[in-house]
Amino acid sequence: MAWGKKTHPDPVVEDSVPMGMRIAGSFSWRILVVAGVIGLFIWLVTIFSEILVPFLVGVVVSALLVPFSNWLQRRHVPKWLAIVISLLAGLAAIGALIWLVVDQVIASYPSLQDRAVSQFGNIKQLVLNSGLGITQKDVDGYLTDGTKWVQDHSGSILSGVASAGSSATHVFESLFIILFTSIFLLIDGKNVWRWTVRLFPRKARAAVDGAGVAGWITLTSFIRVQILVAFVDALGIGIGSFIVGLFFGGMPLVIPIAAFVFLGSFIPVVGAIVTGFLAVFVALIFNGPIAAVLVLGVVLLVQQIEGHVLQPLVMGNAVKVHPLAVVLGVTAASGLAGIPGAFFAVPLIATLNTMVTTIASGRWRGLDSNHVLEATPKHGQHGEVQLMRRRRHKVGDDVPAPGSDKQPAAVEGTASTN
């Protein structure tokens, strides 16, 4: 074969391949390329997870604080003061929650210890008298096996505790990244995004810009709505556990239980149930099996209210993602990245879904981060989410770099994100 001579597949061989096989082959190599890119992305995420996870937490915190800061600025509060108030309010809320949990746990620890020992004896007698053929010798054997297992694995347990202690430096580093990410996004978030848009080819900048605005609106809406859902879950399980405890001599640790349920509810569908079992365990220790069954009924009832009322009516308007996609996404992400994966799964799916649909439908032509007035959603006459915006730039226009004060003339209009 001569060098430089263009060759083609043998027509006989080409014609002998069925059309379905050709189409399948074309799809297959493209799917392999996409899978390779996704695999490379996941590998990079695992490599830089110590930086990426705190950064994403900072973005989520900013999605909560930026609308509050913008609200203060619209009330003629100076920008620097609005940012300081937003940060202090967020830190105060977190500090108050931690103080309530720690104070309640410290106050209830002595009685929790005594009741745990007492309930252990009651449960032991219940098992012995259950008619299952379990004898005192069997119980003693189980306890001996458990003690032996702890002794055999004491080295690994202690090394795990030591490694957790040595990772305190990483905790402070993560808090540092979260804090500074939140501060800089509050101060100059728009210009940071504009600089990011400039990394893309000129003709793609307008589409990326519009998709980013739509994704940011979805993320901020998700965070606000999820806080409402988490608050309802925590309030329902907390009050339900307290009421059940009234019939059995009281229910301790109600506030810490509600706090854990609130945090766990940020993992949709399964978070409230998993953290709700803490209430069931406390009820079992303090008030016995009947109280534990009643508290379990409260947890399941609250979950049904979330699944059939809050998720479709409240969350469904903010996040256009099917519940099956939520469950599968949370399961897959938790398997890949543990608790951080489960936490970020739904907001990531919702944001990417909005960005992709915005680009595919062409709605990006009406969205522009340079001219969006604080990215504040409004509802149109048919319920669709709209943005108050200024003049939209054309495809290929330059996007100002971070710190640039260049602003175009304002022409008001609306742009739908649905």
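Everything numeric in this text was worked out from a predicted model, so none of it was measured. (Residues numbered from 1 in each chain as written. Predicted model: local features only at pLDDT ≥ 70, side-chain atom pairs only at ≥ 80, totals over all residues. Heavy atoms only, no water.)

Engineer: So what exactly am I meant to see when it comes to the layout of surface pockets here?
Structural biologist: Any empty space left between the atoms is revealed when a probe the size of a water molecule rolls over them. What the second largest pocket holds in volume is close to 1,600 Å³. In this structure, the second largest pocket is lined by 37 residues; those nearest its centre are Val57, Val61, Ile94, Leu263 and Phe343. Among the elements of the structure, helix H3 (49–74), helix H4 (79–128), helix H7 (168–197), helix H8 (205–246), helix H9 (254–264) and helix H12 (323–361) are those that each provide at least two residues to the lining of the second largest pocket. For the lining of the second largest pocket, the element with the most residues is H4, which contributes nine residues. Per-class residue counts for the lining of the second largest pocket are 32 nonpolar, four polar and one charged. (1 Å grid on protein atoms, 1.4 Å probe; cavity = no way out; pocket = protein on both sides within 12 Å on 5 of 7 lines; lining within 4 Å. Points joined across faces, edges and corners; volume = space filled by probe spheres on them. Helix = DSSP H or I, 4+ residues; strand = E, 2+ residues; numbered from the N terminus. Nonpolar A, V, L, I, M, F, W, Y, C, P; charged D, E, K, R; others polar.)

Engineer: I'm lost on the packing of H8 against H9 in this one. Help?
Structural biologist: Relative orientation and spacing of two packed helices are given, respectively, by the angle between their axes and the distance between those axes. Remark: H8 packs on H9, axes separated minimally by 8 Å, with the N-to-C direction vectors making an angle of 150 degrees. Judged by the angle between their axes, H8 and H9 are roughly antiparallel. Seen from above, H8 lies across H9 with right-handed handedness. Between H8, through Ile227, Ala230, Phe231, Asp233, Ala234, Ile237, Gly238 and Phe242, and H9, the contact on the second element is made entirely by Val254, Ile257, Ala258, Val261 and Phe262. Broken down by class, the residue content of the contact of H8 with H9 amounts to eleven nonpolar, one polar and one charged. (Axes fitted to C-alpha atoms, helices over the stretch in contact; angles between N-to-C directions. Parallel < 35°, antiparallel > 145°, perpendicular 65-115°, else oblique. Left-handed = near helix turned anticlockwise from the far one by under 90°. Contact = heavy atoms within 4.5 Å.)

Engineer: What's the story with the side chain of Asp233 in this structure? I'm lost.
Structural biologist: Mapped onto the elements of the fold, Asp233 is located in helix H8. Although buried, Asp233 forms no salt bridge, and the nearest oppositely charged side chain, Arg224, lies 17 Å from it. (Buried < 20%, exposed > 50% of the residue type's maximum accessible area, 1.4 Å probe, protein only. Lys, Arg positive; Asp, Glu negative; His and termini not counted. Salt bridge = Lys/Arg side-chain N within 4 Å of Asp/Glu carboxyl O.)

Engineer: Is there a simple way to explain H3 in this structure?
Structural biologist: Over its 26 residues, H3 extends 37 Å from the first C-alpha to the last, a length consistent with the 38 Å expected when each residue adds 1.5 Å. Among the residues of H3, those classed as buried are Pro54, Gly58, Val59, Val60, Ser62, Ala63, Leu65, Val66, Ser69, Asn70 and Leu72. (Expected span 1.5 Å × (residues − 1).)

Engineer: Sorry if this is basic, but what is going on with the confidence of the model for the chain here?
Structural biologist: Parts of the model with low pLDDT should not have their predicted coordinates read in detail. Taken over all residues, the pLDDT of the chain has a mean of 74, while the share at 70 or more is 67%. A low-confidence stretch, residues 160–166 stays under pLDDT 50, and its non-local contacts, those more than four residues away or across chains, total zero contacts. For residues 371–418, every residue scores under 50 in pLDDT, and the model assigns this stretch 111 contacts once sequence neighbours within four places are set aside. (pLDDT = per-residue confidence, 0-100.)

Engineer: I keep staring at the side chain of Ser265 and nothing clicks. Help me out?
Structural biologist: Note on placement: Ser265 falls in the loop between H9 and helix H10 (271–287). Polar contacts involving the side chain of Ser265 include one to the side chain of Asp233, which spans 3.2 Å. If near-sequence neighbours (up to four positions away) are discounted, Ser265 is found in contact with Gln226, Ala230, Asp233, Gly271 and Ala272. (Polar contact = N/O pair within 3.5 Å; in protein donor to acceptor, adjacent residues only side chain to side chain.)

Engineer: Before we go on, may I ask you to explain the packing of H8 against H10 in this structure?
Structural biologist: Interhelical geometry of H8 versus H10 gives an angle of 15 degrees and a closest axis separation of 11 Å. Relative to H10, the element H8 lies roughly parallel. Of the two elements, H8 crosses H10, and the hand of that crossing is right-handed. Here H8 contributes Asp233, Ile237, Ser241 and Gly245 to the contact with H10, which in turn contributes Ala272, Gly276, Ala279 and Asn287. Per-class residue counts for the contact of H8 with H10 are three nonpolar, four polar and one charged.

Engineer: Help me out: how do you make sense of the nonpolar core in this one?
Structural biologist: Counting residues in each nonpolar core, the largest one holds 24 residues, and the members touching the most others are Ile237, Met251, Ile257, Val282, Ala283 and Val295. Of all the secondary-structure elements, those providing two or more residues to this core are H8, H9, H10 and helix H11 (289–318). The residues touching Ile257, leaving out its near neighbours within four places in the chain, are Ile237, Met251, Pro252, Leu278, Ala279 and Val282. In terms of nonpolar packing, the next biggest core, distinct from the first, is built from 14 residues, Leu219, Phe222, Ala333 and Phe344 among them. (Core = buried A, V, L, I, M, F, W, Y, C linked by side-chain atoms within 4.5 Å.)

Engineer: Would you mind showing me how to read the packing of aromatic side chains here?
Structural biologist: We describe a pair of aromatic rings using the distance from one ring centre to the other and the angle between the two ring planes. Applying the stated criterion across every chain yields a total of four aromatic pairs. Between Phe68 and Trp71 the ring centres are 6.3 Å apart and the planes differ by 10 degrees, which places this aromatic pair in the stacked class. Placement of both Phe68 and Trp71 in helix H3 is noted, with a separation of three residues, approximately one turn of the helix. Taken together, the aromatic side chains of Phe176, Phe180 and Phe184 make up a single cluster linked through ring pairs. (Phe/Tyr/Trp six-rings, centres within 6.5 Å; stacked < 30°, edge-to-face > 60°.)

Engineer: In this structure, what is going on with the environment of Ile223? I would like to understand it.
Structural biologist: Tracing the chain through its elements places Ile223 in helix H8. The buried category is assigned to Ile223, whose relative accessible area is 4%. When the C-alpha positions of Ile223 and Leu64 are compared, they lie 6.4 Å apart, and in sequence the two are 159 residues distant. Not counting residues within four places of it along the chain, the set of residues in contact with Ile223 comprises Val60, Ala63 and Leu64.

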